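Remarks on the overall topology
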Amino acid sequence: MKVILMNLAATAALATTAVLLVADSGEKGCHQPAQSVTFDVGHNTCGAPGILMVSTPQDTCRLDVEVEERTGLPMTGDVYDGNVDLRQGDNWYLADMNVAITVGADGGTLPGDAGTGTAVEVNRACEVLREGEVLRLKCTARRADLANEPVSACEAVLTPR
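Summary of the structure given here. Computed from a prediction, not measured in an experiment: that's the story for all the values here.

Section: the nonpolar core
- Counting residues in hydrophobic clusters, the biggest one holds 25 residues, and the most contacted among them are Leu52, Val54 and Trp92.
- Secondary structure elements with two or more residues in this core: β1 (35-42), β2 (50-56), β3 (64-67), β5 (92-103), β7 (118-131), β8 (134-143) and β9 (150-160).
- Other than its neighbours up to four places away in sequence, Trp92 contacts Phe39, Leu52, Val54, Leu63, Asp78, Val79, Tyr80, Val84, Asp85, Leu86, Val128 and Leu158.
- Membership of the second largest hydrophobic core comes to six residues, among which are Ile101, Val103, Val120 and Val122.

Side note on the environment of Val120
- Within the secondary structure, Val120 is located in strand β7.
- Classification of Val120 by relative accessible area gives buried; the value is 8%.
- Spatially, the C-alpha atoms of Val120 and Val151 are 8.7 Å apart, while their sequence positions differ by 31 residues.
- Beyond its immediate sequence surroundings of up to four residues, Val120 is in contact with Val99, Ala100, Ile101, Val103, Arg143 and Val151.

So, the environment of Met97
- Relative to the elements of secondary structure, Met97 occurs in strand β5.
- Overall, the relative accessible area of 58% leaves Met97 in the exposed class.
- Sequence spacing of Met97 and Arg124 is 27 residues, and the spatial spacing of their C-alpha atoms is 6.4 Å.
- Setting aside its immediate chain neighbours within four residues, Met97 contacts Val122 and Asn123.

Topic: the pattern of salt bridges
- If you walk through the whole model with that rule in mind, you get seven salt bridges.
- For Arg124, the salt bridge goes to Asp96, with nearest N and O atoms at 2.6 Å. Here Arg124, found in strand β7, pairs with Asp96, found in strand β5; they are 28 residues apart in sequence, far enough to count as distant.
- Here Arg124 falls in the buried class, since its relative accessible area comes to 18%.
- Judged by relative accessible area, Asp96 falls into the buried class, the value being 12%.
- Residue Glu131 pairs with Arg136 through a salt bridge whose shortest N-O separation is 2.8 Å.
- By relative accessible area, which is 35% here, Glu131 ends up partly exposed.

Details of the pairing of β1
- Pairing between β1 and β2: seven bridges, direction antiparallel. Its bridge partner lying in β2, Phe39 is registered against Leu52.
- Relative to β9, β1 is paired through four bridges, and the arrangement is antiparallel. The partner of Gly42 across the bridge, within β9, is Val157.

Concerning unusual backbone geometry
- In this model, Asn98 sits at a positive phi of 50 degrees, which is unusual for a non-glycine residue.
- Note on placement: Asn98 falls in strand β5.

With respect to the side chain of Arg136
- The residue Arg136 is located in strand β8 in this model.
- Arg136 gets classed as buried once you look at its relative accessible area, which sits at 18%.
- A polar contact of 2.8 Å, which involves the side chain of Arg136, links it to the side chain of Glu131.
- Polar contacts involving the side chain of Arg136 include one to the side chain of Glu155, which spans 2.9 Å.
- Residues within four places of Arg136 in sequence aside, it is in contact with Glu127, Val128, Leu129, Glu131, Glu155, Ala156 and Val157.

About the criteria used
Residues numbered from 1 in each chain as written. Predicted model: local features only at pLDDT ≥ 70, side-chain atom pairs only at ≥ 80, totals over all residues. Heavy atoms only, no water. Core = buried A, V, L, I, M, F, W, Y, C linked by side-chain atoms within 4.5 Å. Buried < 20%, exposed > 50% of the residue type's maximum accessible area, 1.4 Å probe, protein only. Helix = DSSP H or I, 4+ residues; strand = E, 2+ residues; numbered from the N terminus. Contact = heavy atoms within 4.5 Å. Salt bridge = Lys/Arg side-chain N within 4 Å of Asp/Glu carboxyl O. Pairing = 2+ DSSP bridges. Polar contact = N/O pair within 3.5 Å; in protein donor to acceptor, adjacent residues only side chain to side chain.

This is the structure we're talking about:
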């Protein structure tokens, strides 16, 4: 019975996602000047300190991302509909799909070269939040399978140059 309920819940989640994707498949309307910002990444529980560069063309709903791999942050991202202000953290996020992370026996994440643990495929999403004068990335990694369970979370502080 429990398995049937879990399968029904997974099917409902997939159906909801499909409806949202179809509804969101229309052309987004972004209206902002071209922007490019370089951030210093610090207080980083996702990886090491480093540099993140994000840019978006004028009036285009696209985010271009360059980030040092050692930061552990996603290497892609996107913008939401509307005006985008990269320095203020408005309407953009980082994300990547089907990334392998290593999980230890205690459920914590390990460096990829740790040699022990279990590899888990995850989807990661990092929300950009303004906290006073600071931009904070709050990242969550969820299993890439139907379970979609949270596997890990981390955060970093972005300081514009």
